Amino acid sequence: MLQQLVQRFLEQGLSRRGLMRKLSGLGVSLAGAQSIVESLQASEEAGKGLPVPGSTTMTGTGGELVMAQAKAAGAEYLFTNPGSFEVGFFDAQPSSGIPLIMGLHEGIVISMADGYHRVSGKPAFVNVHVIAGTAQMAGQLYNASRDGSALVVSAGMLDNEMWSDEGMLAPRPGFDQKEVPRQFTKICWEAREPQSLPLMLRRAFKVASTEPGGPVYLAMANYALEAKKIRAQIQPYLNGNCATNFAP
């Protein structure tokens with residue numbers, strides 16, 4: 001229910017007052033509801049290009065923008081089982097300053113990320129391999145969702161809505177990738193425009209870490225990650241703005 005409310009608000013189908021009223025009906029305290037609404041509004045303002053204190057503008061590949069935003073959002077590690085269709089993402093990782101921790105199966109990757117969150121109280125940054133890795137993480141993602149663990153799970157995506165709808169390691173015709181983990185997350189997105197990647201990632205960090213915490217999922221098209229000379233805003237996490245203090 002919370003997932004649908006957040007999505008309606010972000011798509012301007014629900015007003016601030018309406019969202020506050022719905023959250024109250026779900027048992028969220030007034031302070032908690034205000035925190036959720038303010039953080040979502042701050043994220044939206046950043047996406048519209050409004051000035052955000054401490055933000056910077058950079059030009060790079062889609063993957064470089066993703067890693068820069070993850071660093072600005074406070075990501076300390078990248079938990080992953082790498083794949084070739086995320087090459088734009090992994091090309092940017094070595095220079096990002098975010099160490100890579102590799103697992104040999106997505107279930108192990110999610111377990112490590114979940115453990116990191118439980119110990120540190122901070123959201124864990126994850127990348128899994130397209131549709132196959134997305135499906136293979138399901139068991140441990142279920143556990144993380146039940147325990148309210150703040151995981152920001154990203155994945156590469158082979159777009160089945162461009163050219164042929166039948167592609168290797170792409171969703172089957174008529175289906176989309178974000179639906180696979182939807183029931184085990186607070187919200188899922190698919191990103192196709194490279195300029196949107198930082199906005200969607202910083203929103204993912206905020207939604208995952210805002211109470212009640214839980215996993216979020218962002219599938220990023222491989223061509224968006226590999227796009228070059230993309231200009232976008234990188235927004236830091238600042239207390240009282242779209243940032244949060246992640247300490248328990």
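Residues numbered from 1 in each chain as written. Predicted model: local features only at pLDDT ≥ 70, side-chain atom pairs only at ≥ 80, totals over all residues. Heavy atoms only, no water.

## Observations regarding a positive patch on the surface
Reasoning step 1: A cluster of basic side chains, namely Arg8, Arg17, Arg21 and Lys22, defines a positive patch on the protein surface.
Reasoning step 2: The element that contributes the greatest number of residues to the positive patch is helix α2 (residues 16–25), accounting for 3 residues.
Reasoning step 3: Following the sequence through the fold, lysine 22 ends up in helix α2.
Reasoning step 4: Given the relative accessible area of 39%, lysine 22 is considered partly exposed. (Patch = residues over 30% accessible without salt bridge, like charges linked within 9 Å, V, L, I, M, F, W, Y side chains within 5 Å. Areas by Shrake-Rupley, 256 points an atom, 1.4 Å probe, with all protein chains shown as cover. Salt bridge = Lys/Arg side-chain N within 4 Å of Asp/Glu carboxyl O. Lys, Arg positive; Asp, Glu negative; His and termini not counted. Charge placed at Lys NZ, Arg CZ, Asp CG, Glu CD. Helix = DSSP H or I, 4+ residues; strand = E, 2+ residues; numbered from the N terminus. Buried < 20%, exposed > 50% of the residue type's maximum accessible area, 1.4 Å probe, protein only.)

## Points about the confidence of the model for the protein chain
Reasoning step 1: Residues with a pLDDT of 70 or more make up 82% of the protein chain, whose mean pLDDT is 85.
Reasoning step 2: Taken element by element, the protein chain is modelled with least confidence in helix α3 (residues 30–47), mean pLDDT 71, and with most confidence in strand β2 (residues 78–80), mean pLDDT 98.
Reasoning step 3: Across residues 239–248 the pLDDT falls below 50, and counting only partners more than four positions away or on other chains, this stretch makes 28 contacts in the model. (pLDDT = per-residue confidence, 0-100. Contact = heavy atoms within 4.5 Å.)

## Concerning unusual backbone geometry
Reasoning step 1: Look at the link from glutamate 211 to proline 212: it is a cis peptide, with omega at -5°.
Reasoning step 2: Mapped onto the fold, proline 212 is located in the loop between α9 (197–209) and β7 (216–221).
Reasoning step 3: Positive phi, normally seen in glycine, also occurs at valine 130, with a value near 35°.
Reasoning step 4: Mapping valine 130 onto the fold places it in helix α7 (residues 130–136).
Reasoning step 5: By relative accessible area, which is 0% here, valine 130 ends up buried.
Reasoning step 6: One non-glycine residue, lysine 229, adopts positive backbone phi at about 55°.
Reasoning step 7: Considering the arrangement of structural elements, one finds lysine 229 in the loop between α10 (222–226) and β8 (230–234).

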